Each structure stands twice: as C-alpha cells, then as structure tokens.
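# Coordinate inspection notes
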Amino acid sequence: MLADSFFPLIAALAGYTLLCIVQPFATCRRCDGFGHRVRYRRNGKPKAGKVCRRCHGHGKRLRLGRRLHNHTRRIHTDGTRTHTTSRKETLPWQ
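Below you will find a few notes about this structure. Computed from a prediction, not measured in an experiment: that's the story for all the values here.

### Description of a positive patch on the surface
Judged by side-chain charge, Arg29, Arg30, Arg37, Arg39, Arg41, Lys45, Lys47, Lys50, Arg53, Arg54 and Arg67 come together as a positively charged surface patch. Those elements that provide at least two residues to the positive patch are β2 (36–40) and β3 (46–51). Among the structural elements, arginine 53 can be located in the loop between β3 and β4 (60–62). Take arginine 53: its relative accessible area is 73%, and that puts it in the exposed class.

So this is what it looks like as structure tokens:
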C-alpha cells in the first residue's frame, strides 16, 4: 500500500527534476510570456502596457526547482575550500 503511493511520487519528482535540467526557464505567469502587461485601447485593440515587474520584460522566469538547485550549489561552493596544490607556481619570467 505504501509502495502504491511512493513510486508515483518518485516518478513525478524525477520528471520535474529532468524538466528543470532541460528547460530551467518557464513563461512568466503574470504577463503570459509577453514581458508587458497587455492593456486594451478604447476600440478594443491590445497594446503593451508597463513592463512586467515579475520578469522585468523578459517573459521568462526561473523554475522553483532550478532556483533551489542554484541556491544549494552556491552554499556548497561557498562552504568548500579552494583546491591548493603542493607544487610551486612558476613565475612567467623564469
């Protein structure tokens, strides 16, 4: 019974991880990928309004899973030491 709910959850998580790797950007939900808020003139024709504040006019947003991946990777690189070698560096004039 536990396996019936466990495997679909793992499959969905693996699918979302693969989606975040292949396509890290998604269309902005506020402006629907236009980059501007669509306004309508009095005669009914659409016109571009202000630049979208969420995507800053790009029309794309970073997915949540990719944002978490970037954050954990940044924490890991900040917390690890730089790799030093025991060899002396040769100076360019020597």
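Alright, that's what it looks like, and here's the rest.
### Description of the state of the cysteines
In this structure the tally under the stated criterion is zero disulfides. Cysteine cysteine 52 remains unbridged, with the sulfur of cysteine 55 as its closest cysteine sulfur at 3.8 Å.

### Comments concerning a nonpolar patch on the surface
Taken together, the side chains of Leu2, Phe6, Phe7 and Ile10 define a hydrophobic patch exposed on the protein surface, amounting to about 450 Å² of accessible area. Inspection of the secondary structure assignment puts phenylalanine 7 in helix α1 (residues 2–22). Note on phenylalanine 7: relative accessible area 55%, which makes it exposed.

### Some details on the layout of surface pockets
Size it by volume and the largest pocket reaches roughly 160 Å³. Along its surface, the largest pocket is lined by Tyr16, Thr17, Cys20, Ile21, Gly65, Arg66 and His69. Listing elements by their share of the lining of the largest pocket, those giving two or more residues are α1 and α2 (64–79). Residue contributions to the lining of the largest pocket peak at four residues, all from α1.

### Comments concerning α2
Side chains that are three or four residues apart share a direction in an α-helix, a result of its 3.6 residues per turn. Here α2 contains 16 residues, and its C-alpha end-to-end distance of 23 Å stays within 8% of the 22 Å for a straight helix at 1.5 Å per residue. Here α2 lies mainly on the outside; zero of its 16 residues are buried.

### Quick look at unusual backbone geometry
Glycine aside, residues mostly have negative phi angles, and peptide bonds mostly take the trans form. Of note, aspartate 32 is a non-glycine position whose phi angle comes to about 55°, a positive value. One can find aspartate 32 in the loop between β1 (25–27) and β2. Its relative accessible area of 57% is what places aspartate 32 among the exposed residues. Phi is positive for histidine 56, which is not a glycine, with a value near 60°. Note on placement: histidine 56 falls in the loop between β3 and β4. Overall, histidine 56 belongs to the exposed group, its relative accessible area being 61%.

Each value, and the rule that gives it
Residues numbered from 1 in each chain as written. Predicted model: local features only at pLDDT ≥ 70, side-chain atom pairs only at ≥ 80, totals over all residues. Heavy atoms only, no water. Patch = residues over 30% accessible without salt bridge, like charges linked within 9 Å, V, L, I, M, F, W, Y side chains within 5 Å. Areas by Shrake-Rupley, 256 points an atom, 1.4 Å probe, with all protein chains shown as cover. Salt bridge = Lys/Arg side-chain N within 4 Å of Asp/Glu carboxyl O. Lys, Arg positive; Asp, Glu negative; His and termini not counted. Charge placed at Lys NZ, Arg CZ, Asp CG, Glu CD. Helix = DSSP H or I, 4+ residues; strand = E, 2+ residues; numbered from the N terminus. Buried < 20%, exposed > 50% of the residue type's maximum accessible area, 1.4 Å probe, protein only. Disulfide = S-S within 2.5 Å. 1 Å grid on protein atoms, 1.4 Å probe; cavity = no way out; pocket = protein on both sides within 12 Å on 5 of 7 lines; lining within 4 Å. Points joined across faces, edges and corners; volume = space filled by probe spheres on them. Expected span 1.5 Å × (residues − 1).

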